[in-house]
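Close look at the chain arrangement
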Amino acid sequence: QVQLVESGGGLVETGGSLRLSCAASGRTSSSNTMGWFRQAAGKEREFVAASRWTTGTTYYADSVKGRFTISRDNAKNTVYLQMNSLKLEDTAVYRCAASPSIASNYRSASLYDSWGQGTQVTVSS
């Protein structure tokens, strides 16, 4: 399995930016898809973004498209989520996830078998 550790969360004002990091260790060679999910208080977990490790293909939820960017540093086994133009509704716990699969259901949490502990992002007005 893969161990994932997120960092970079915090408190930011509306319109601000944050960059989340997800450092992977362990069997990283089996992580073909990396994803970011978030869960706001009282709401269900939702897909944010995903990236195919080998091709670099990226996918985004409509709610973050144009504002968030997922990227990775292969040498550091780290995936990033750059979040710009943050909105109040972006407040949530963000978790990264890894999957050995390249199946098309990258939006589904069930695809992923390794999860980080999460990092809190709070956007204030």
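Structure's up top.
Criteria and cut-off values
Chains are numbered independently. Their residues run from 1 in the order of the written sequence. pLDDT decides what is reported in this predicted model: residues at 70 or higher carry local features, side-chain atom pairs at 80 or more are listed and counted, and totals for whole chains, interfaces and linings draw on all residues regardless. Excluding hydrogens and water, the side-chain figures rest on all heavy atoms present in the structure. A run of H or I in DSSP counts as a helix once it spans at least four residues, and a run of E counts as a strand once it spans at least two, with each numbered from the N terminus. Here's how the labels work: a residue is buried when its accessible area is under 20% of the maximum for its type, exposed when over 50%, partly exposed in between, all with a 1.4 Å probe on protein chains only. Under the pairing criterion, centres of Phe, Tyr and Trp rings, with the six-membered ring standing for Trp, must be within 6.5 Å; the plane angle then separates stacked pairs below 30 degrees from edge-to-face pairs above 60, leaving the rest tilted. In this analysis the charged atom, NZ for Lys or CZ for Arg, is taken to sit over a ring once it is within 6 Å of the ring centre and within 35 degrees of the ring normal. The working definition used for a salt bridge is a side-chain nitrogen of Lys or Arg within 4 Å of a carboxyl oxygen of Asp or Glu. Each pair of strands is called paired provided DSSP finds at least two bridges between the two strands. Contacts are assigned to residue pairs with any non-hydrogen atoms lying within 4.5 Å of each other. Only the stretch in contact is used when fitting a helix axis, every axis being a line fitted to C-alpha atoms; angles between N-to-C directions are given from 0 to 180 degrees.

Note that Ser51 resides in strand E5 (residues 46-52). Note on Ser51: relative accessible area 3%, which makes it buried.

Under the counting rule described, the total for this entry stands at 6 aromatic pairs. Ring pairs connect the aromatic residues Phe37, Phe47, Tyr59, Tyr106, Tyr112 and Trp115, which therefore count as one cluster. The ring of Trp115 has Arg45 sitting right over it, with the charged end atom 4.7 Å from the ring centre. For Arg72, the ring lying beneath its charged end belongs to Trp53, and the centroid distance is 5.9 Å.

The next subject is the pattern of salt bridges. Once their charged atoms are close, side chains differing in charge can pair, the charge on each being opposite to the other. Overall, the coordinates contain 4 salt bridges when judged by the stated rule. Linking Asp90 and Arg67 is a salt bridge whose minimum nitrogen-to-oxygen distance equals 2.7 Å. Of the two residues, Asp90 sits in the loop between strand E8 (78-83) and strand E9 (92-99) while Arg67 sits in the loop between strand E6 (58-60) and strand E7 (68-73), which places them 23 residues apart along the sequence. Each of Arg38, Glu46, Arg67 and Asp90 takes part in a single network of salt bridges with overlapping partners.

Quick look at the pairing of E5 now. E5 sits mainly inside the fold: 6 of its 7 residues count as buried. Pairing geometry for strand E4 (residues 33-39) and E5, over 6 bridges, is antiparallel. Residue Gly35 lies in a different strand from E5, and its bridge partner there is Ala50. Hairpin geometry of E4 and E5 is characterised by an intervening segment of 6 residues between the two adjacent antiparallel strands and by a positive phi of about 80° at Gly42. As defined by bridge partners, E5 adjoins E6 across 3 bridges and the pair is classed as antiparallel. Paired with Ala49 across the two strands is Tyr60, which belongs to E6. The antiparallel hairpin formed by E5 and E6 contains 5 residues in its connecting segment, where Gly56 sits at a positive phi of about 80°.

This part covers the environment of Ser51. Distance from Ser51 to Glu6, taken between C-alpha atoms, is 16 Å for residues 45 residues apart in sequence. Discounting chain neighbours no more than four positions away, the residues touching Ser51 are Asn32, Thr33, Met34, Gly56, Thr57, Thr58, Ile70 and Arg72.

Before going further, it helps to examine the sheet that holds E8. The strand order across the open sheet built from 4 strands is E1-E3-E8-E7, with neighbouring strands paired in antiparallel fashion. Whereas interior strands pair on both sides, the edge strands pair on one side only; in this sheet they are strand E1 (2-7) and E7. Adjacent strand axes in the sheet meet at a mean angle of 20° when their direction is disregarded. Pairing of strand E3 (residues 18-26) with E8 involves 6 bridges; the strand directions are antiparallel. Of the residues in E8, the one forming a bridge with Ala23 is Thr78.

None of the figures reported here should be taken as evidence of function without further support.
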